[in-house]
Amino acid sequence: MTMKPVFKKTKGLTEKATHYCPGCTHGIIHRVVAEVLEEMDVLEDTIGVASVGCSVMTYEYFNCDMTQSAHGRAPAVATGIKRVLPDRIVFTYQGDGDLAAIGISEAIHAAARGENITIIFVNNAIYGMTGGQMAPTTLIGQKTITSPEGRESVSQGLPMRVSEMIATLDGAAYIERVSSHDVPHIAKMKKAIKKAFEIQKKGLGFTMIEVLSTCPTNWGIDAIESLEWVKENMIPVYPLKVFKNLEEVK
Amino acid sequence: MAKLLMKGNEVIAEAAVKAGCRYFFGYPITPQNELVTYMAKRLPEVGGVFLQAESEIAAINMVYGAAGTGARVMTSTSSPGYSLKQEGISYLSGAELPAVICNISRGGPGLGNIQPAQSDYFQATRGGGHGDYYLPVFAPASLQEVADLMGDAFDVADKYRTPVLILADGVLGQMMEPVEFSDKVVEELPKKDWATTGTRGDGGPKIITSLDLDIGGLEAHNSRLKDKFENITKNEIRYEEYEIEDAEYILVAYGSVARIAMSAIKLARKAGIKVGLIRPITLWPYPQEPFIKTRDKVKGYMSVEMSAGQMVEDVRLAVNGHAPVSFYGRNGGVIPTHEEIYEKIVQLSGGVKA
Amino acid sequence: MGERVVFEELLCKSCSLCISVCPKNIIYISNRLNEKGYLAATVENQDECISCAKCAMICPDSVITVFRPEVKREARRS
């Protein structure tokens, strides 16, 4: 009886094993982005921009040309690439510290310009690489090493809903928030990421997919509980929805 | 090509276009606005791309992206904006990406003012950002020299895979002078196999990064960069000498101040004082030769700058104690007159013999 | 019958996400320590696997390859 492969590792990822913590959903999101690029047969026309955070070494994992940008500046780097090579696919892969804190200006203005790039925005409500500090997306009451008593709104601000914010910009063509916390949602994530890259390929403007993600190590709970934590605590604050779809508007 | 009467900022922009620059990411800041304005009109005419960024930080990172594709790319700014670009320039140097950056410097520190100054010298010649690196720094003194140097700036950037700085000041940026561009057309640039343009048809994925978490790896990278900087120092120093053969005193000045110093020298020569000028054209790598061959003959050097005294330190390094080095400078956008420099020369040389 | 699900044990980080989604509950953490110091996940009775690939879809490290027996066309028609 010959066996037919139903699921195998995508050619969009290199052979390099990732450095991510056990159960961290960065790995899932990488795989989904890589599968989409492979299935669209654009791997050879794609240039990815790695940001700074846990995913800083993502340029070793995606099997396409990659460049490493300064913390928060990936959308600007991507803009520079896309303006020189308008027929290539350009994406950035950024965490919430990189995009929502230091890099929010670059993200907003890339969207405001309708820059034809795709941003993969991974939101796990914490700074992972540097040991678990509060991020702009940290939830109220969520304990981090810089909100030890739990984030408290008066002095530490309130969670930032980036997708809703950026969706108000006319230059944004497709903005959706998805999640990585279970298999059905991973399938939806893939559909959303594919849609974003297809819209970029049609040159219709700025696309961003925000993916709710986990951080077992800095949340201090195990990998399976982390998925549960996303569902129970993050989704109520960060609803999963399509916030902008230019194609519907037309 | 015919002579054109043009404003400095526009000469810089046109010279860049003639040198094959097709991508420019800028941001408004006085006194370099005309450069950005000119590029906005000109680049589309030559099939290039002009983009006004939301900040100097975004602009230098756009340059990083465009440089990564192998294109000839430029940005320009003025002192406060140049400070904002330091991290980006450190990344350009670390990732070994060619680009040309202009700083039309102005009074500082802080918001300072919009008049000309040379008080960014240290920032320009000591890398400016974090980590061990230098930038080749070209300091033109006339608009014709801007036109002549721009091709070299882009060639040096490509040849050594490094960002290059054009350091001028508000005087050069705002003044008008006749300029003749060479009609040398930049031929097809050699393909940069390290560029991230997509892997279709050219082998495996390429990676542009300045990160190396393996300490041995980063040290090796640093030593490769060190070799590069030594190579640039060996091959790319440029300077000009003016009447130093018989000089008893030598002024040291660059950019617009060098021209004022020449007028002061003419006055002093008339009054019988043997004084000359050393004019560095590259501020990094700084010329040593003209000092080595004069430091045992002259009675003293005087560095003349629109700053509180920065290049004077490089003069002292080059003179290495062989002769006294003094300084005269004006700040805050005040441009020294040739008469006041002449007075200083007289003072330095112990007065004019009746 | 060939194996339906194959674990590249060297890549496994013992995170157990696959275990949490397997509808047949046949995945478990083996006692085989891999080079990185993780006990690799594995499947013993392959015949209970239905090749749904949920394990592979949630695995962050592309450890799992899933196969399905190829049903010959004639066999089905008879």
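You'll find the structure just up there.
Residues numbered from 1 in each chain as written. Chains lettered and ligands numbered in written order. Predicted model: local features only at pLDDT ≥ 70, side-chain atom pairs only at ≥ 80, totals over all residues. Heavy atoms only, no water.

Caption draft 1: Summary view of the interface of chain C and chain A. The interface of chain C with chain A comprises 31 residues on the first partner and 27 residues on the second. Across the chain C/chain A interface, buried area totals approximately 2,400 Å², and carbon plus sulfur atoms make up 68% of it. Those elements that place two or more of their residues in the side of chain C that touches chain A are α1 (17-21), α2 (54-58) and β4 (64-69) of chain C. Top contributing element to the side of chain C that touches chain A by residue count: β4 of chain C, with six residues. Of the residues assigned to the side of chain C that touches chain A, the class counts are 16 nonpolar, six polar and nine charged. Summarising the sheet, strand β1 (residues 3-7) of chain A and β4 of chain C pair through four bridges and their orientation is antiparallel. Paired with Phe7 of chain A across the two strands is Val66 of chain C, which belongs to β4 of chain C. (Contact = heavy atoms within 4.5 Å. Buried area = accessible area lost by both parts, 1.4 Å probe. Helix = DSSP H or I, 4+ residues; strand = E, 2+ residues; numbered from the N terminus. Nonpolar A, V, L, I, M, F, W, Y, C, P; charged D, E, K, R; others polar. Pairing = 2+ DSSP bridges.)

Caption draft 2: Region of the structure containing helix α4 (residues 104-112) of chain A. Within α4 of chain A, burial applies to Ile104, Glu106, Ala107, Ala110 and Ala111 of chain A. Seen from one end, α4 of chain A has its buried residues packed into an arc of 165 degrees, which puts them on one side. Of the surrounding secondary structure, the elements contacted by the buried residues of α4 of chain A are α2 (74-84), α3 (96-102), α6 (162-167), β6 (172-179) and β7 (206-212) of chain A together with α3 (56-68) of chain B. Following α4 of chain A by one or two positions, Gly114 of chain A has its phi on the positive side, about 65 degrees. (Buried < 20%, exposed > 50% of the residue type's maximum accessible area, 1.4 Å probe, protein only. Arc of directions from axis to C-beta.)

Caption draft 3: Local environment of the packing of α2 of chain A against α4 of chain A. Residues and elements named next belong to chain A. One way to put it is that α2 packs onto α4 with a least axis distance of 7 Å and a crossing angle of 40 degrees. It follows from the interaxial angle that α2 and α4 lie oblique. Only Glu106, Ala107 and Ala110 of α4 make contact with α2, whose side of the interface consists of Pro75, Ala76 and Thr79. For the contact of α2 with α4, the class distribution of residues is four nonpolar, one polar and one charged. (Axes fitted to C-alpha atoms, helices over the stretch in contact; angles between N-to-C directions. Parallel < 35°, antiparallel > 145°, perpendicular 65-115°, else oblique.)

Caption draft 4: Here's a closer look at the pairing of strand β5 (residues 99-105) of chain B. Residue and element names in this part refer to chain B. Extensive coverage of β5 is indicated by the burial of seven of its seven residues. Here β5 shows two buried faces, one formed by Ala99, Ile101, Asn103 and Ser105 and the other by Val100, Cys102 and Ile104. Pairing geometry for strand β4 (residues 73-77) and β5, over four bridges, is parallel. Within β5, the position partnered with Met74 by the bridge is Val100.

Caption draft 5: Representation of empty space enclosed by the protein. The tally for this structure, following the rule as stated, stands at five cavities of 30 Å³ or more. Quantified by volume, the largest cavity comes out at close to 130 Å³. Forming the boundary of the largest cavity are 16 residues, of which Lys9, Lys16 and Thr18 of chain A together with Asp61 and Ser62 of chain C lie nearest the centre. Here the residues of the lining of the largest cavity sort into five nonpolar, five polar and six charged. (1 Å grid on protein atoms, 1.4 Å probe; cavity = no way out; pocket = protein on both sides within 12 Å on 5 of 7 lines; lining within 4 Å. Points joined across faces, edges and corners; volume = space filled by probe spheres on them.)

Caption draft 6: Up close: the sheet that holds strand β6 (residues 137-138) of chain B. Taken in spatial order, the seven strands line up as β3-β2-β4-β5-β7-β6-β13 (chain B) in an open sheet, and their pairing is mixed. Edge positions in the open sheet fall to β3 (49-52) and β13 (282-284) of chain B, since each of these has one partner strand only.

Caption draft 7: How the structure looks around the sheet that holds strand β1 (residues 5-7) of chain C. A sheet is described by the order of its strands in space; here three strands give the open sequence β1(A)-β4(C)-β1(C), paired in antiparallel fashion. Where the open sheet ends on each side, the last strands, each with one partner, are β1 of chain A together with β1 of chain C. The average angle at which neighbouring strand axes cross in this sheet is 30 degrees, direction not considered.

Caption draft 8: How the structure looks around the nonpolar core. In this structure, Phe206 of chain A together with Met39, Met74 and Tyr301 of chain B are the most contacted members of the largest nonpolar core, which totals 122 residues. For this core, the element with the highest residue contribution is helix α7 (residues 143-160) of chain B, accounting for ten residues. For this core, the two domains that each supply at least three residues are domain 1 (4-235) and domain 2 (240-349) of chain B. Residues in contact with Met74 of chain B, not counting those within four places in the same chain, are Ile12, Ala16, Cys21, Tyr23, Phe24, Phe25, Leu35, Met39, Val63, Val100, Cys102 and Phe154 of chain B. Residues Tyr59, Ile89 and Tyr174 of chain A together with Cys15 of chain C belong to the second largest nonpolar core, which totals 40 residues. (Core = buried A, V, L, I, M, F, W, Y, C linked by side-chain atoms within 4.5 Å. Domains from an automatic or database assignment.)

Caption draft 9: Quick look at unusual backbone geometry. Residue and element names in this part refer to chain B. Put simply, Gly108 and Pro109 share a cis peptide bond, and its omega is -5 degrees. Looking at where Pro109 falls in the secondary structure, it is placed in the loop between β5 and α6 (121-125). A cis amide bond links Trp284 with the next residue in sequence, Pro285, at an omega value of -5 degrees. Residue position: Pro285 is located in the loop between β13 and α11 (289-292).

Caption draft 10: Focus on the state of the cysteines. By the definition in use, this model includes zero disulfides over all chains. No disulfide involves Cys54 of chain A; its sulfur sits 6.0 Å from that of Cys215 of chain A, the nearest cysteine. Looking at the unpaired Cys18 of chain C, the closest cysteine sulfur is the one in Cys15 of chain C, lying at 6.2 Å. (Disulfide = S-S within 2.5 Å.)

Caption draft 11: Looking closely at the side chain of Ser163 of chain A. Residues and elements named next belong to chain A. When you line up the elements, Ser163 lands in helix α6. Residue classification places Ser163 among the buried residues on the basis of a relative accessible area of 0%. One polar contact links Ser163 to Glu210, side chain to side chain, over a distance of 2.6 Å. Filtering out sequence-adjacent residues up to four positions away, Ser163 remains in contact with Ile175, Glu176, Arg177, Met208, Glu210 and Phe243. (Polar contact = N/O pair within 3.5 Å; in protein donor to acceptor, adjacent residues only side chain to side chain.)

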